[in-house]
Amino acid sequence: MAEVVLKNVWKRYNGTVAVNEVSLQIPDKEFFILVGPSGCGKSTTLRMIAGLEEVSEGEIWIGGKKVNEVPPKDRDIAMVFQNYALYPHMTVYENMAFGLKLRGYSKKEIEDRVREAAEILNMTNLLHRKPKELSGGQRQRVAVGRSIVRKPKVFLFDEPLSNLDAKLRVQMRMELSKLHDKLQTTMIYVTHDQVEAMTMGDRICVMKDGIVQQIASPIDLYNNPANKFVAGFIGSPPMNFIEVTLQEKNGEEKGVWLKEANTNSSSHAMQVKLIPEMAQCVQSYIGKSVVVGIRPENIYDRLFYSGGVREGSSLKATVEVVEPMGSEKYLYLNTGKNSLVARVEPYNSAKQNQDIDLVLNMESIHLFDPETGNTIC
């Protein structure tokens, strides 16, 4: 078993808190992602698991053994770094074999392990080359292969794809995912790229300022963010946020409405109606400000929308920028006080400075407390 457990782990640097009481339970064979902006503590957390950073407080367990005092070489982990860290004067074979030689493995065992790793990574024909003769993606494969030959309990990846170009990053994401399926080993992967996190991880831990914000599967993070930070961090383009006031109306317009304040006479301020299920759980916020969040794919151009339009789900906006992406278009919109991004069909004909009618998918909106940032319901 290669379960990794962190219990109330802290990391302090001269009084500055880098990691704040982080607790994680990573089951055997899971592909676990630590994601967040630069400086959030994710790499520091990984380095504490590896033993490269000392734990200020708390416990780290790997495979049922407490490792706080265990040196990195005895933790049965392998780490892949951002900068590859290959020896330039050695061939690929020698780079992959070097760690095994230091550990006293026999020549045949080294040969078998290196050949096996090279086959898994489809790089048998590169074993005679030196790092300078390889592309960035090939060098990264060598760095991964050097870890595979050790057959560790846990693989640790510290932003391994950040030096690669966009196309190669996509390719390497797929290769690492397939590698995890083949090896069936626990992998902990650090990245600041939420696309990497969403496409690769079994579960994702979102961090901010050294604090865990939410741990969940990719789809749960996307559909049920715990707070405004997670909602805005996960998704590309990011979720739209608008500050509104909750108002309860009677008569023909009975229900709870979200009203955005006008800034001038020409603005198209939002005024939409909550679905009944959501209206029931916001009663304590009536008359107060909340932040409404809606993802770009849940905003439709009414001219091209074929579904039914629910009462109180439409508004007007002005198109500021049209960004064709090939398979879709991004419309950057203005409601007078706030800006929105809508992801629409590639054949949408909206033009810059045009006023258009929008339809919102009210079943898919999110509400956040403006002070705490937490999800309301």
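Residues numbered from 1 in each chain as written. Predicted model: local features only at pLDDT ≥ 70, side-chain atom pairs only at ≥ 80, totals over all residues. Heavy atoms only, no water.

### Quick look at the state of the cysteines
Then, number 1: Considering all chains together, one arrives at one disulfide under this definition.
Then, number 2: Two residues, Cys281 and Cys377, share a disulfide whose sulfurs are 2.3 Å apart. Across the S-S bond of Cys281 and Cys377 the torsion is about 70 degrees, and the bridge reads as right-handed. Taken together, the residues span a long stretch of sequence, with Cys281 in the loop between α9 (276-279) and β14 (289-294) and Cys377 in the segment after β20 (366-368) at a distance of 96 residues.
Then, number 3: Its relative accessible area of 35% is what places Cys281 among the partly exposed residues. (Disulfide = S-S within 2.5 Å. Helix = DSSP H or I, 4+ residues; strand = E, 2+ residues; numbered from the N terminus. Buried < 20%, exposed > 50% of the residue type's maximum accessible area, 1.4 Å probe, protein only.)

### A few points about the pattern of salt bridges
Then, number 1: All told, the structure shown has 14 salt bridges when counted by the stated rule.
Then, number 2: One salt bridge in this structure joins Glu175 and Arg141, with 2.9 Å as the shortest N-O distance. Taken together, the residues span a long stretch of sequence, with Glu175 in helix α5 (residues 166-183) and Arg141 in helix α4 (residues 136-148) at a distance of 34 residues.
Then, number 3: Given a relative accessible area of 21%, Glu175 falls into the partly exposed group.
Then, number 4: Given a relative accessible area of 13%, Arg141 falls into the buried group.
Then, number 5: In this structure, Arg343 and Glu328 form a salt bridge, with 3.3 Å as the shortest nitrogen-oxygen distance. Taken as a pair, Arg343 in strand β18 (residues 339-344) and Glu328 in the loop between β16 (314-324) and β17 (329-334) lie far apart in primary sequence, 15 residues in all.
Then, number 6: By sharing partners, the salt bridges in this structure join Lys11, Arg47 and Glu53 into a single network. (Salt bridge = Lys/Arg side-chain N within 4 Å of Asp/Glu carboxyl O.)

### Details of the layout of surface pockets
Then, number 1: In this structure, the largest pocket encloses a volume near 470 Å³.
Then, number 2: Contributions of two or more residues to the lining of the largest pocket are made by β6 (77-80), α2 (92-102) and α4.
Then, number 3: Examining the composition of the lining of the largest pocket, we find that four residues originate from one element, α2, more than from any other.
Then, number 4: Each pocket or cavity is described by its volume, and for the second largest pocket that value is around 200 Å³.
Then, number 5: Forming the boundary of the second largest pocket are 14 residues, of which Asn223, Asn224, Ser364, Ile365 and His366 lie nearest the centre. (1 Å grid on protein atoms, 1.4 Å probe; cavity = no way out; pocket = protein on both sides within 12 Å on 5 of 7 lines; lining within 4 Å. Points joined across faces, edges and corners; volume = space filled by probe spheres on them.)

### What to know about the side chain of Asn227
Then, number 1: As for its placement among the helices and strands, Asn227 is situated in the loop between α7 (218-223) and α8 (228-233).
Then, number 2: Here Asn227 falls in the buried class, since its relative accessible area comes to 9%.
Then, number 3: At 2.9 Å, the side chain of Asn227 and the backbone nitrogen of Val230 are in polar contact.
Then, number 4: Every residue in contact with Asn227, bar those within four places of it in the chain, is listed here: Gln213, Phe368, Gly373, Asn374 and Thr375. (Polar contact = N/O pair within 3.5 Å; in protein donor to acceptor, adjacent residues only side chain to side chain. Contact = heavy atoms within 4.5 Å.)

### Regarding helix α3 (residues 107-120)
Then, number 1: In this model, α3 (14 residues) spans 20 Å end to end at C-alpha, consistent with the 20 Å of a helix rising 1.5 Å per residue.
Then, number 2: Listed in full, the buried residues belonging to α3 are Ile110, Arg113, Val114, Ala117 and Ala118. Down the axis of α3, the buried set is contained in an arc of 130 degrees. They therefore lie on one face. Relative to its buried face, α3 has exposed residues pointing more than 90 degrees away, namely Lys108 and Glu119.
Then, number 3: Next to the buried residues of α3 lie α2 and α4.
Then, number 4: Backbone geometry just downstream of α3 places Asn122 in the positive-phi region, at approximately 55 degrees. (Expected span 1.5 Å × (residues − 1). Arc of directions from axis to C-beta.)

### Topic: the sheet that holds strand β1 (residues 4-13)
The pairing of strands in a sheet comes from backbone hydrogen bonds and takes either a parallel or an antiparallel form.
Then, number 1: Here four strands make up an open sheet; going across it, the order is β2-β1-β4-β5 and the pairing antiparallel. Strand pairing shows two members of the sheet lacking a second neighbour, β2 (16-26) and β5 (65-66), which therefore form its edges.
Then, number 2: Contacts between helix α1 (residues 42-50) and the sheet are confined to β1, β2 and β4 (57-62), with β1 contributing the most and set at about 115 degrees to the helix. (Pairing = 2+ DSSP bridges. Axes fitted to C-alpha atoms, helices over the stretch in contact; angles between N-to-C directions.)

### Let's talk about the sheet that holds strand β7 (residues 154-158)
Then, number 1: With mixed pairing, six strands are arranged side by side in an open sheet as β6-β7-β8-β3-β9-β10. Strands with a single pairing partner mark the edges of an open sheet, and in this sheet they are β6 and β10 (211-216). Neighbouring strand axes in the sheet, compared pairwise and without regard to direction, differ in orientation by 15 degrees on average.
Then, number 2: Bridge count for strand β3 (residues 31-35) against strand β8 (residues 186-191) is five bridges, and the pairing is parallel. Note that in β8 the partner of Leu34 across the bridge is Val190.

### Some remarks on the packing of α2 against α3
Then, number 1: Following both chains from N to C, one finds α2 and α3 inclined at 135 degrees, their axes separated by 10 Å at the closest point. Taken together, the axes of α2 and α3 are oblique relative to one another. Here the hand of the crossing between α2 and α3 comes out right-handed. For the pair α2 and α3, the contacting residues are Tyr93, Met96, Ala97, Leu100 and Lys101 in the first and Ile110, Glu111, Arg113, Val114, Ala117 and Ala118 in the second.
Then, number 2: Looking at the contact of α2 with α3 residue by residue, the class counts come to eight nonpolar, no polar and three charged. (Parallel < 35°, antiparallel > 145°, perpendicular 65-115°, else oblique. Left-handed = near helix turned anticlockwise from the far one by under 90°. Nonpolar A, V, L, I, M, F, W, Y, C, P; charged D, E, K, R; others polar.)

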